[in-house]
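# Summary of structural features
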Amino acid sequence: MKRNVVCVGLAVMLLVAFGAFAKSAKFPTPEEIGKQIYYEAVNAFETGTATQDQIGLLKSVGFDFGVGYEIDNMGGPDDFGYIWKDSEEADGPTYEWIDITGTGTSVVGDLSDDDTVGPFDIGFDFPFYGTSQSQFWVQSNGVISFFDSYVSLANEEMPAPSYGAMIAWFWDDLDPAQGMSGADILMENMTIDGQDALVIEFFEMDEFPDGPDVPTMTAEMILFADGTVKLQYMNVDAGWDIDGGTIGIQNESGTIGLMALHNGSIADYPYNELAIQFYMADPDADVSGYVYDESTNEPIAGANVEVGAGTATTDGSGFYEILGIYSGENDYEVSADGYFTDTGTVQIDPGANTYDFYLTDTGNAPDVLIWDADPTPGSAAAIEEILNELDFTTQYITQFDEVQWEAFDYVFVFLGIYSNYYPIYTGDPEETAMVDYLEQGGSLYIEGGDIFGFNSPENLMNMLNLQGIADGSADLANVMGYDGTWMEGADMTYAGENSWIDHINAGGGALDVLYNPADMAGCGVVDISMDYQTACFSFEVGNLVDGNEEPNTREYLITGLMEYWGAVVSPVDLELTPIEGTTIPANGGTFIYDATIESNLPNPVNAQAWTMVDLPTGGSYGPMFVVPVTISPGVTTVLGLQQAVPGFAP
């Protein structure tokens, strides 16, 4: 993706102090409330131990808490534009509990400790950090997520880069298992203040370990159709460890978020009958520009442009304009018929912004498509760098349907390692995309910890020429190369994610490349023997640790793969030696010659051989013949080749 920042127009800098506000009313003086009480409250605030009564006292005298300090029970905006306030603020939300214990649909029976359950339909398109969410998952540890992998009991500061888009109402080691304290999780769609809304109630939730007499918390989360998130806390029992949880929101990439609480950052918080609201400030930015063809620089009419929640279509001159979006980091998507879709993020400043976008014609596709579906990326970047060094052009995407796969010679798919992985099941659109790509003659690389021996999408597996497939029985400390392959003698340390690496071995005619010495099971297979050209690795190849020399380097492994596929051809010295005394018959006939071929490739390469005739009058003629030939490593001499010369040849 190419972006040009052509200009930044009128920029309005909006500075909002979320500390002490200038108020028209006269504040009482410290003397009026008692200096000793005042200074005790100041000291408690500065040491992080202030109670809600002390915070209220300090507010009443206009104490300067500092710009953006979260003790004011408000915060933000974050880099996307979200703000949070609680019900203590004059313009904050109002606590209004909505009881759905008798009407909501319960899901707690499907949820165990340290677990996730879903997906559940929101019931409307919920705008969240520039994306539209329609489903969510309930996590056992005080979170709802917009992804299906487990959120650990170890609560983090938000944004937490190890996770995607989620909302934490109280992220901690919770235990919703039914049958102890009577905990329940219910959900119900309704209309609130004229808006579609979803209420999710967390009734009498326990901290781990649970039991009949432990403290509980009852809270609820309300998602509104305008993107507002409201959290309400009806009851927080005395004894609940409120100093060990996180309350906040974050975006899909885990790079932008807004946190109201982390491990007691506000004393005695949350408490009974508290409301916290996360919402977007009013739109404060516009963006406009042009969409061009990357190769010709010609404008593209009719292109669809989405930046944040704004959309536009380019006119005949390629111009678009989107008014009324939020400043900060915004997701964008630009698409047009006959062009690859361009996605990413763009920084929008308050006021007017100008961005031009460049789209690639599908007829000018890069060599390699890299689909990085791994929620903890790392391997894809390392391998993309190697491919670029080998002079392959690449296009990187994170959504499988962003481009037309058939336009690429090679597709590399990165699915991650359990539990941070992207599962694919039989019949999924992702499986269909890979099957169709192979059917059309593409070359497919698949890397992932569970697609082979655990998820195993049936239609795809039938095309991969694997055998001995099994869910893993050992983690991976190092990998070793099989004898007879270009990785023979390799013994490489592994530093990637680990969880019982799947067992895979080559079917008939395919090539076993690497294995896990911990259980002597194969973990890397490549194939050109069947109808489909594939490579399967059940670990993160990009997270192997490079050694000092070949074959112990990732570059050597990927280069060998591309050579095996015939994608990379190293120099081959070819010497044609006439037999002594051989002459070309002037009036037609035949002559005999020998061919010596010296190959420095590590593996056999399928190629084509042909002859061309240099004419005495200038120019050339041919090819005289074209035959397939397998060039093996080393020096090969073919004796007694015969060349026919027609009588009409000059």
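Everything below is about the structure printed above this text.
Now for a look at the structure at hand.

Criteria and thresholds
- Just so you know, the residues in each chain are numbered from 1, in the order the chain's sequence is written.
- Local features in this predicted model are restricted to residues whose pLDDT is 70 or higher, and side-chain atom pairs enter the listing and the counts only when it is 80 or higher, whereas totals over whole chains, interfaces and linings include all residues.
- Calculation of side-chain values draws on the structure's entire complement of heavy atoms; hydrogens and water are dropped beforehand.
- Runs of H or I in DSSP of at least four residues are treated as helices and runs of E of at least two as strands, each being numbered from the N terminus.
- The buried label goes to any residue with under 20% of its type's maximum accessible area, the exposed label to any with over 50%, and the partly exposed label to all in between, with areas taken from a 1.4 Å probe on protein chains only.
- Residue contacts follow a heavy-atom distance rule, with two residues in contact if any of their heavy atoms lie within 4.5 Å.
- Here, Shrake-Rupley sampling with a 1.4 Å probe gives the accessible areas, and only protein chains in the shown set may cover a residue.
- Stacked, edge-to-face and tilted labels apply to pairs of Phe, Tyr and Trp rings (six-membered ring for Trp) whose centres lie within 6.5 Å, assigned for plane angles under 30 degrees, over 60, and everything in between, in that order.
- At least two bridges found by DSSP between two strands are what make those strands a pair.
- As a rule, the C-alpha atoms of each element are fitted with a line to give its axis, helices using only the stretch in contact, and angles between N-to-C directions run from 0 to 180 degrees.
- Patch membership requires over 30% relative accessible area and the absence of a salt bridge. Like charges are linked within 9 Å, and nonpolar side chains (Val, Leu, Ile, Met, Phe, Trp, Tyr) within 5 Å.
- The rule for a salt bridge is simple: a side-chain nitrogen of Lys or Arg has to be within 4 Å of a carboxyl oxygen of Asp or Glu.
- As used throughout, the charge tally considers Lys and Arg to be positive and Asp and Glu to be negative, leaving His and the chain termini uncounted.
- The atoms used to mark charge sites are NZ of Lys, CZ of Arg, CG of Asp and CD of Glu.
- To form a nonpolar core, buried Ala, Val, Leu, Ile, Met, Phe, Trp, Tyr and Cys residues must be joined to one another through side-chain atoms within 4.5 Å.
- Residues adjacent in sequence count toward polar contacts only when both atoms are side-chain atoms; beyond that, a polar contact is any pair of N or O atoms within 3.5 Å, and within protein one must be able to donate a hydrogen and the other to accept it.
- Handedness of each helix crossing follows the sense of rotation of the near helix against the far helix: counterclockwise by less than a right angle gives left-handed, clockwise gives right-handed.
- Amino acids outside the nonpolar list (Ala, Val, Leu, Ile, Met, Phe, Trp, Tyr, Cys, Pro) and the charged list (Asp, Glu, Lys, Arg) are all regarded as polar, and Gly is one of them.

### Looking at the overall build of the protein
- Summing up its helical and strand segments, the protein has 8 helices and 43 strands in all.
- Taken over 650 residues, the protein has a buried fraction of 49%.
- Summarising the internal contacts of the protein: among those between residues at least 6 apart in sequence, 64% fall at separations of at least 24.
- When the accessible surface of the protein is totalled, it reaches about 29,000 Å², and 49% of it is carbon and sulfur.

### Some details on the packing of aromatic side chains
- Applying the stated criterion across every chain yields a total of 35 aromatic pairs.
- When the ring of Phe-120 is compared with that of Phe-136, the centres are 5.7 Å apart and the planes differ by 45 degrees; the resulting orientation is tilted. Of the two residues, Phe-120 sits in strand 5 (residues 116–128) while Phe-136 sits in strand 6 (residues 131–139), which places them 16 residues apart along the sequence. Each member of the pair, Phe-120 together with Phe-136, is buried.
- Between Phe-537 and Phe-539, the ring centres sit 6.2 Å apart and the planes meet at 90 degrees, which makes this aromatic pair edge-to-face.
- Judged by relative accessible area, which is 0%, Phe-539 ranks as buried.
- Within the aromatic cluster, the residues linked to one another by ring pairs are Phe-392, Tyr-410, Phe-412, Phe-414, Tyr-445, Tyr-494, Phe-537, Phe-539 and Trp-565.

### Structural notes on the sheet that holds strand 26 (residues 410–414)
- Taken together, the 9 strands give an open sheet; going across it, the order is 25-24-26-29-36-35-34-31-32, and neighbouring strands pair in mixed fashion. Across the chains shown, the open sheet's two edge strands, defined by having one partner strand only, are strand 25 (394–397) and strand 32 (491–493). The mean inter-strand angle of the sheet, taken between neighbouring strand axes irrespective of direction, is 20 degrees.
- Across 3 bridges, strand 31 (residues 478–481) lies against strand 32 in antiparallel orientation. From the neighbouring strand, Asn-478 faces strand 32, where its bridge partner is Thr-493.

### Some thoughts on a negative patch on the surface
- Together, Glu-385, Glu-389, Glu-549, Glu-550 and Glu-555 make up a negatively charged patch on the protein surface.
- One can find Glu-550 in the loop between strand 36 (533–537) and helix 8 (554–564).

### Topic: the pairing of strand 16 (residues 274–280)
- The buried fraction of strand 16 is high, at 6 of 7 residues.
- For strand 3 (residues 82–86) and strand 16, the ladder comprises 5 bridges, and the chain directions are antiparallel. Within strand 16, the position partnered with Lys-85 by the bridge is Gln-277.

### Quick word on the sheet that holds strand 18 (residues 304–307)
- Taken in spatial order, the 4 strands of this open sheet run 19-18-21-22, and their pairing is antiparallel. The sheet terminates laterally at strand 19 (310–313) and strand 22 (342–348), the two strands that pair on one side only. Put simply, the sheet's adjacent strands are angled 20 degrees from each other on average, direction ignored.
- Both strand 21 (residues 328–335) and strand 22 contribute to a ladder of 7 bridges, which runs antiparallel. Looking at the pairing, Gly-328 lines up with Ile-348 of strand 22.

### Regarding the nonpolar core
- Judged by nonpolar contacts, the single largest core of 51 residues is most densely connected at Phe-136, Trp-169, Met-221, Tyr-233 and Phe-278.
- The biggest single contributor to this core is strand 5, with 6 residues.
- Residues within four places of Trp-169 in sequence aside, it is in contact with Gly-142, Val-143, Leu-174, Phe-202, Met-205, Met-217, Ala-219, Met-221, Leu-231, Tyr-233, Thr-246 and Ile-247.
- In this structure, Phe-412, Tyr-445, Phe-537 and Phe-539 belong to the second largest nonpolar core, which totals 37 residues.

### Let's talk about helix 5 (residues 429–439)
- Of the positions making up helix 5, those classed as buried are Glu-430, Glu-431, Ala-433, Met-434, Val-435, Tyr-437 and Leu-438.
- Structurally, helix 5 contributes buried residues whose contacts are with strand 24 (368–372), strand 26, strand 29 (443–447), helix 6 (451–455), helix 7 (458–461) and strand 36.

### Re a nonpolar patch on the surface
- Among the surface-exposed residues, Trp-610, Met-612 and Val-626 lie close enough to one another that they form a single nonpolar patch of about 320 Å² accessible area.
- Mapped onto the elements of the fold, Val-626 is located in strand 42 (residues 626–631).
- With a relative accessible area of 46%, Val-626 lands in the partly exposed category.

### Examining the side chain of Asn-155
- Its location among the elements puts Asn-155 in the loop between strand 7 (143–145) and strand 8 (166–171).
- A distance of 2.9 Å separates polar atoms of two side chains, one belonging to Asn-155 and the other to Asn-263.

### Regarding helix 4 (residues 379–389)
- Where helix 4 is concerned, the buried positions are Ser-379, Ala-380, Ala-382, Ile-383, Glu-384, Ile-386 and Leu-387.
- Among the residues trailing helix 4, Asp-391 stands out with phi positive, at a value near 75 degrees.

### As for the environment of Gly-318
- Considering the arrangement of structural elements, one finds Gly-318 in the loop between strand 19 and strand 20 (319–325).
- Linking Gly-318 and Val-291, residues 27 residues apart in sequence, is a C-alpha distance of 5.3 Å.
- Dropping the residues within four chain positions of it, Gly-318 is found in contact with Gly-289, Tyr-290, Val-291, Pro-299 and Ile-300.

### Comments concerning the pattern of salt bridges
- Here the structure, examined in full by the defined rule, presents 2 salt bridges.
- A salt bridge links Arg-554 to Asp-546; the shortest N-O distance between them is 3.3 Å.
- For Arg-554, a relative accessible area of 22% corresponds to the partly exposed category.
- The exposure class of Asp-546 is partly exposed, given its relative accessible area of 39%.

### Topic: the packing of helix 4 against helix 8
- Close contact between helix 4 and helix 8 brings their axes to 10 Å; oriented N to C, the two are set at 60 degrees. Handedness of the crossing formed by helix 4 with helix 8: right-handed. Residues Ala-382, Ile-383, Ile-386, Leu-387 and Glu-389 of helix 4 form the contact with helix 8, whose own contacting residues are Arg-554, Glu-555, Ile-558 and Met-562.
- For the contact of helix 4 with helix 8, the per-class residue count stands at 6 nonpolar, no polar and 3 charged.

### Describing unusual backbone geometry
- Cis geometry is adopted by the peptide bond preceding Pro-119, which originates at Gly-118 and carries an omega value of 0 degrees.
- Take Pro-119: it is sitting in strand 5.
- The omega angle of the peptide bond from Glu-550 to Pro-551 is 5 degrees, so this bond is cis rather than trans.
- Here Pro-551 is to be found in the loop between strand 36 and helix 8.
- Phi angles above zero are rare outside glycine, and Asn-263 is one such case at about 50 degrees.
- By the secondary structure assignment, Asn-263 is in the loop between strand 15 (257–262) and strand 16.
- Look at Asn-263 and you get partly exposed, because its relative accessible area is 36%.

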